[in-house]
There are 2 protein chains.
Amino acid sequence: MDQIDRKILSLMHENARMPISEMSRTISMSQPAVTERIRKLEDQGIITGYRAQLSGAKLGKHTTAFVMFKTDNCKDFVSFIEASAEVVDLYRISGEYNYLMKVVTENTESLASFLDACSAHGFSTTLIVLATPFEDKSLISNEV
Amino acid sequence: MDQIDRKILSLMHENARMPISEMSRTISMSQPAVTERIRKLEDQGIITGYRAQLSGAKLGKHTTAFVMFKTDNCKDFVSFIEASAEVVDLYRISGEYNYLMKVVTENTESLASFLDACSAHGFSTTLIVLATPFEDKSLISNEV
DNA sequence: GTTGAAAAAACAGAGGA
DNA sequence: TCCTCTGTTTTTTCAAC
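Draft legend 1. Spotlight on the protein's contact with DNA strand C. Near DNA strand C, the surroundings consist of P19, I20, S21, R25, Q31, P32 and T35 of chain A together with M29, S30, P32, A33 and R37 of chain B. Among all atoms of DNA strand C positioned within 4 Å of the protein, those belonging to sugar or phosphate total 70%. R25 of chain A is positioned such that a nitrogen or oxygen atom in its side chain is 3.3 Å from a phosphate oxygen of DNA strand C. At the level of secondary structure, the elements contributing two or more residues to the surface near DNA strand C comprise α2 (20-26) and α3 (31-43) of chain A together with α3 (31-43) of chain B. Broken down by class, the residue content of the surface near DNA strand C amounts to 6 nonpolar, 4 polar and 2 charged.

Draft legend 2. A look at the pairing of strand β5 (residues 122-134) of chain A. For strand β2 (residues 63-71) of chain A and β5 of chain A, the ladder comprises 7 bridges, and the chain directions are antiparallel. Following the sheet pairing, T71 of chain A is matched in β5 of chain A by G122 of chain A. Across 3 bridges, β5 of chain A lies against strand β3 (residues 87-93) of chain B in antiparallel orientation. Paired with F134 of chain A across the two strands is L90 of chain B, which belongs to β3 of chain B.

Draft legend 3. Here's a closer look at the side chain of T105 of chain A. Residues and elements named next belong to chain A. Among the secondary structure elements, T105 is positioned in strand β4 (residues 99-105). Owing to a relative accessible area of 3%, T105 belongs among the buried residues under this scheme. Once residues within four sequence positions are removed from consideration, T105 is found in contact with K61, H62, T63, E86, S110 and L111.

Draft legend 4. Molecular detail of the sheet that holds β5 of chain A. Pairing in this closed barrel of 8 strands is antiparallel, and the strands run β2(A)-β4(A)-β3(A)-β5(B)-β2(B)-β4(B)-β3(B)-β5(A) around the ring. When the angles between neighbouring strand axes are averaged without regard to direction, this sheet yields 35 degrees. Pairing geometry for β3 of chain B and strand β4 (residues 99-105) of chain B, over 5 bridges, is antiparallel. Note that in β4 of chain B the partner of Y91 of chain B across the bridge is L100 of chain B. Its contacts with the sheet put helix α5 (residues 108-118) of chain A on β2, β3 (87-93), β4 and β5 of chain A, and the angle it makes with β4 of chain A is roughly 145 degrees.

Draft legend 5. Main features of the interface of chain A and chain B. With 56 residues of chain A at the contact, the number on the chain B side is 56 residues. For the chain A and chain B pair, buried surface summed over both sides reaches about 5600 Å², with 61% attributable to carbon and sulfur atoms. Of all residues in chain A, R17, R51 and L139 of chain A give up the largest surface area on contact with chain B, accounting jointly for 16% of the area buried on that side. Here chain A and chain B share 2 salt bridges between them. The closest approach of N and O atoms between D136 of chain B and R51 of chain A, which form a salt bridge, is 3.6 Å. Counting the contacts that link chain A with chain B gives 45 residue pairs in polar contact (both at pLDDT 80 or more). Contributions of two or more residues to the side of chain A that touches chain B are made by α1 (3-14), β1 (47-54), β2, α4 (74-82), β3, β4 and β5 of chain A. Per-class residue counts for the side of chain A that touches chain B are 32 nonpolar, 12 polar and 12 charged. Sheet analysis places β1 of chain A next to strand β1 (residues 47-54) of chain B, joined by 7 bridges and oriented antiparallel. Across the sheet, the residue bridging to L54 of chain A is I47 of chain B, located in β1 of chain B.

Draft legend 6. Up close: the relation of the copies chain A and chain B. By a simple turn and slide, chain A fits onto chain B: the slide is 0.0 Å along the axis, the RMSD is 0.0 Å, and the turn is 180 degrees. Each copy turns onto its partner about a two-fold axis. Mapped onto chain B, 100% of the interface residues of chain A again fall at the interface, so both copies present the same surface.

Analysis parameters
Residues numbered from 1 in each chain as written. Chains lettered and ligands numbered in written order. Predicted model: local features only at pLDDT ≥ 70, side-chain atom pairs only at ≥ 80, totals over all residues. Heavy atoms only, no water. Near = heavy atom within 4 Å. Polar contact = N/O pair within 3.5 Å; in protein donor to acceptor, adjacent residues only side chain to side chain. Helix = DSSP H or I, 4+ residues; strand = E, 2+ residues; numbered from the N terminus. Nonpolar A, V, L, I, M, F, W, Y, C, P; charged D, E, K, R; others polar. Pairing = 2+ DSSP bridges. Buried < 20%, exposed > 50% of the residue type's maximum accessible area, 1.4 Å probe, protein only. Contact = heavy atoms within 4.5 Å. Axes fitted to C-alpha atoms, helices over the stretch in contact; angles between N-to-C directions. Buried area = accessible area lost by both parts, 1.4 Å probe. Salt bridge = Lys/Arg side-chain N within 4 Å of Asp/Glu carboxyl O. Least-squares fit on C-alpha atoms with pLDDT ≥ 70 in both.

Put into structure tokens, the structure is as follows:
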């Protein structure tokens, strides 16, 4: 992991579909060398995947919320949540609640339906997302 | 947005670096047609970008937390947070707190330093992430 | 939406600092 | 070890339909 690897990670985080040839020009290194470095970053598990980012709103999902949940039966709860299409992220957390999850639904009504379905497993506190100043900032500082 | 578009989005969410030629084989449609559909999905803002997913742990960031924050000066707070490399996501939320942010740091000590720096802007409650059963589940159901 | 040719990129091997 | 160079294969682009 040197400065060149960090630059590659930064570029990949900005645009994962950038051709390797273009990256090789940007960082002034031959294409096979860049390819090999990317392969190693993947093998080491530093790069875990490449994903298209989708707009929830453009797909008709206009409501995002974070739900903190307290349950006594983690196993059943996780099974239930894994099967719930509304939940995009699930975190086990410290504190009064067991779990925090990010929920994306069409509207507040469908969020309410989801929360109703959850209530069999415990109790929750819901934080509605009003705006997202930024999301998914890079873990790599992009100075060279 | 028909079933083929949904399939493209699903494939792109699984692996954004999949060659379009491979996608065209998977969904049995000519490559220029797939390319044109992707271009339209980008133009419509349904696809907002392509990102490499990086492992925080493999980059030496072993602590993830969600911090709920209450501030009286949103403008200054957001400026401060935007300049903080530790914060990867920032959400404006409803409820007792103004903001929820996802914070990724090297360890609990560096998290404490960050929270100390924040304390000038208001008060917070921190939820430490103990485990992540899943993250970034697709908004598109991947049945065809 | 398809086909097919030209351009570009990715891959794989040989060899050098 | 890590890189560059180079020839081959694959993918992308762009024309015409």
